[in-house]
Amino acid sequence: EDPSETLGLLKKLLIGDRDAIIMGIRIATYGKTLDVKLWQCPVCEDLSDLAIDLIEDVTTDKMDDPDDATFEVALRKGSKAVVRLPTGEDQLALGDSKKNTSAGRNTVLLQRCVSIITDSDGRIHAMASKPTLALSMSKVDWETILSAITKRQPGPRYTDIKLTHAACG
């Protein structure tokens, strides 16, 4: 196959699917155990070495229907947004963005992944024709959309790893 076709396909994959592929390559190459040196416990602040089993300790969310990649999010005051899950292309755009702050990257993400906002009066606003809509949204609506994207994204859930620290339980 032509490598440029592979790159194009990787850009179209959902971020969670890309993460799952990367984890699979990591397991196939180095094994299922990830050794973490000098991890600091958030409870007792003790430093310890950890061994994370990437198959047993990391849960992976799956999407039942590919059509679920686009969904509606209810916002404050009766507004709603049509949102799609971010892809590798969106991830690359965030990395290329000159807006390197978290808020700047989130603005770019919303501009790319929110297609329509319907206000409480039923007026429809297309994000593509007015990307400044992302800047005029309330912080609560921003967080609602970003949270919905995070919850719906398939793939490994590294932030959900639960381990028992031997020193403090």
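Provided above is the structure to which this section pertains.
Right, let's walk through the structure included here. (Residues numbered from 1 in each chain as written. Predicted model: local features only at pLDDT ≥ 70, side-chain atom pairs only at ≥ 80, totals over all residues. Heavy atoms only, no water.)

Below, the discussion takes up the pairing of strand E5 (residues 80–84). Side chains Ala81 and Val83 of E5 all project onto a buried face; the interleaved residues Lys80, Val82 and Arg84 project onto a face where none is buried. Taken together, the five bridges between strand E4 (residues 70–74) and E5 define a ladder with antiparallel strand orientation. Bridge pairing in E5 links Thr70 to Arg84. Here E4 hands over to E5 after five residues, with Lys77 in that stretch at a positive phi of 55 degrees. (Buried < 20%, exposed > 50% of the residue type's maximum accessible area, 1.4 Å probe, protein only. Helix = DSSP H or I, 4+ residues; strand = E, 2+ residues; numbered from the N terminus. Pairing = 2+ DSSP bridges.)

So, about the pattern of salt bridges. This model, assessed by the stated rule, comprises eight salt bridges. Note that Arg123 is salt-bridged to Asp119, the shortest N-O span being 2.8 Å. Put simply, Glu143 and Lys139 hold a salt bridge, and the shortest N to O gap is 3.8 Å. Of the two residues, Glu143 and Lys139 are both situated in helix H6 (residues 139–152); the distance of four residues between them amounts to about one turn of the helix. We classify Glu143 as partly exposed; its relative accessible area is 44%. Assessed through its relative accessible area of 63%, Lys139 is described here as exposed. If you follow the salt bridges from partner to partner, you end up with Arg84, Asp90 and Arg112 in one network. (Salt bridge = Lys/Arg side-chain N within 4 Å of Asp/Glu carboxyl O.)

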